[in-house]
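# Remarks on the overall topology
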Amino acid sequence: METKKWILSFGVIWTILFSGLSFYWAMGGMFGVRSLGGAIYEMALNPAPSFVKIVWITGYIKLLGVVWLLMLLMKWRKPWIQTTLYLITKICGLLLFLYGLLNFVTISLSAIGVLNFDLDRYATFWRLVFWEPYWMIGGIFYFFSIKKKN
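Read on for a plain summary of the structure. Every chain's residues receive numbers from 1 upward, in the order its sequence appears when written. Note on the predicted model: pLDDT of at least 70 is required for a residue's local features to be given, and 80 or more for side-chain atom pairs to be given and counted; whole-chain, interface and lining totals, by contrast, use all residues. Each side-chain value is worked out from all heavy atoms of the structure, with water and hydrogens disregarded.

## Looking at the packing of helix α1 (residues 5–26) against helix α3 (residues 49–71)
- Note on geometry: axes are C-alpha line fits, over the in-contact stretch for helices, and angles between N-to-C directions span 0 to 180 degrees. Helix numbering and strand numbering both begin at the N terminus, where a helix is a DSSP run of H or I of at least 4 residues and a strand a DSSP run of E of at least 2. Axis separation between α1 and α3 bottoms out at 8 Å; the angle between their running directions is 165°. In terms of orientation, α1 and α3 fall into the roughly antiparallel class. For the pair α1 and α3, the sense of crossing is left-handed. Side by side, α1 and α3 meet where L8, G11, V12, T15, I16, F18, S19, S22, F23, W25 and A26 of the first sit next to V52, V55, W56, T58, G59, Y60, K62, L63, G65, V66, L69 and L70 of the second.
- Classifying every residue of the contact of α1 with α3 gives 15 nonpolar, seven polar and one charged. Roughly parallel refers to an angle under 35 degrees, roughly antiparallel to one over 145, roughly perpendicular to one between 65 and 115, and oblique to any angle outside these ranges. The hand of a helix crossing depends on one turn: near helix anticlockwise from the far one by less than a right angle means left-handed, and clockwise means right-handed. We call two residues in contact whenever any of their non-hydrogen atoms come within 4.5 Å of each other. Polarity classes work like this: nonpolar for Ala, Val, Leu, Ile, Met, Phe, Trp, Tyr, Cys and Pro, charged for Asp, Glu, Lys and Arg, and polar for all others, with Gly in that last group.

Next comes the structure, spelled out in structure tokens:
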């Protein structure tokens, strides 16, 4: 397996920014929360302790992505470890990309009136311009951070 260090570096930066935002929100920060829209925005306005706990947990889970990507840089003695890292990284990258893509499609369908979501225009705009593409870009970083040697 061969790591693409520059793509992997972007993946690490992407993940740190993503988890950092969760930590910021968990500490009560409100910048950017309105762009999420719907029930998440409503819960963030007057958060229950369980909601804050979930936001903290998501931040830590996201940070695990940094650890995972850095594990790709290690030389493992057992080939099955490298193969497992490769497969899981590819699957995670694909899932991140598909999550963003499917959200992009469904929110777009909502914006043109085919589906009915509880998102105002502001949240719809930011979900389509920033959040869903952000997920897709992260998926690309993860997916292409490692490849099989020829």
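## A closer look at helix α5 (residues 121–144)
- Helix length check: α5 (24 residues) gives 34 Å between terminal C-alpha atoms against 34 Å at 1.5 Å per residue, within 8%.
- Taking the largest bend as the criterion, α5 deviates by roughly 50°, centred on R127.
- Only protein chains enter the calculation, and the probe is 1.4 Å; a residue is then buried if its accessible area is under 20% of its type maximum, exposed if over 50%, and partly exposed in between. Along α5, the residues that are buried comprise A123, T124, R127, L128, W131, E132, Y134, M136, G138, G139, F141 and Y142.
- Where the residues of α5 are buried, they touch α1, α3 and α4 (79–111). Expected helix span is taken as 1.5 Å per residue step, with the number of steps being one fewer than the number of residues. Fitting axes to the seven residues ending at a residue and to the seven starting there, one defines the bend at that residue as the angle between these axes.

## Structural notes on the side chain of S22
- Assignment of secondary structure puts S22 in helix α1.
- Of the polar contacts made by the side chain of S22, one reaches the side chain of K62; its length is 2.7 Å.
- Beyond its immediate sequence surroundings of up to four residues, S22 is in contact with V55, T58, G59 and K62. As used in this structure description, the phrase polar contact means that two N or O atoms lie within 3.5 Å; if the pair is within protein, one of them must be able to donate a hydrogen and the other to accept it, and residues adjacent in sequence are counted only when both atoms belong to side chains.

## Examining the layout of surface pockets
- Space inside and on the surface of the protein is sampled on a 1 Å grid over the protein atoms alone, with a cavity defined as a set of points where a 1.4 Å probe fits but cannot get out and a pocket as an open set with protein on both sides within 12 Å along at least 5 of 7 lines; lining residues have an atom within 4 Å of a point. Grid points are joined across faces, edges and corners, and a volume is the space filled by probe spheres set on the points. One number sums up the size of the largest pocket: a volume of about 560 Å³.
- W25, L36, I40, V55 and K62 are, among the 25 residues lining the largest pocket, the residues nearest its centre.
- Listed by contribution, the elements that provide at least two residues to the lining of the largest pocket are α1, α2 (38–45), α3, α4 and α5.
- Residues of the lining of the largest pocket, tallied by class, amount to 17 nonpolar, five polar and three charged.

## With respect to the packing of aromatic side chains
- The aromatic pairing rule takes the rings of Phe, Tyr and Trp, using the six-membered ring of Trp, and pairs them if the centres are within 6.5 Å, calling planes under 30 degrees apart stacked, those over 60 edge-to-face and the rest tilted. For the structure shown, the criterion picks out 17 aromatic pairs.
- An angle of 90° between the planes, with centres 6.0 Å apart, marks the rings of W6 and F10 as edge-to-face. Of this pair, W6 and F10 both sit in helix α1, four residues apart, which is roughly one turn of the helix.
- On the accessibility criterion, W6 (57% relative accessible area) is exposed.
- An angle of 40° between the planes, with centres 5.6 Å apart, marks the rings of F23 and W56 as tilted. A residue pair is termed long-range when its members are at least 10 positions apart, and F23 in helix α1 and W56 in helix α3 qualify at 33 residues.
- W56 sits in the partly exposed class, given a relative accessible area of 29%.
- The criterion is that NZ of a Lys, or CZ of an Arg, lies within 6 Å of the ring centre and within 35 degrees of the ring normal, and then a charge sits over that ring. The ring of Y122 is capped by R34, whose NZ or CZ atom sits 3.9 Å from the centre of that ring.
- The lysine or arginine in question, K62, covers the ring of F18, its NZ or CZ lying 3.9 Å from the ring centre.

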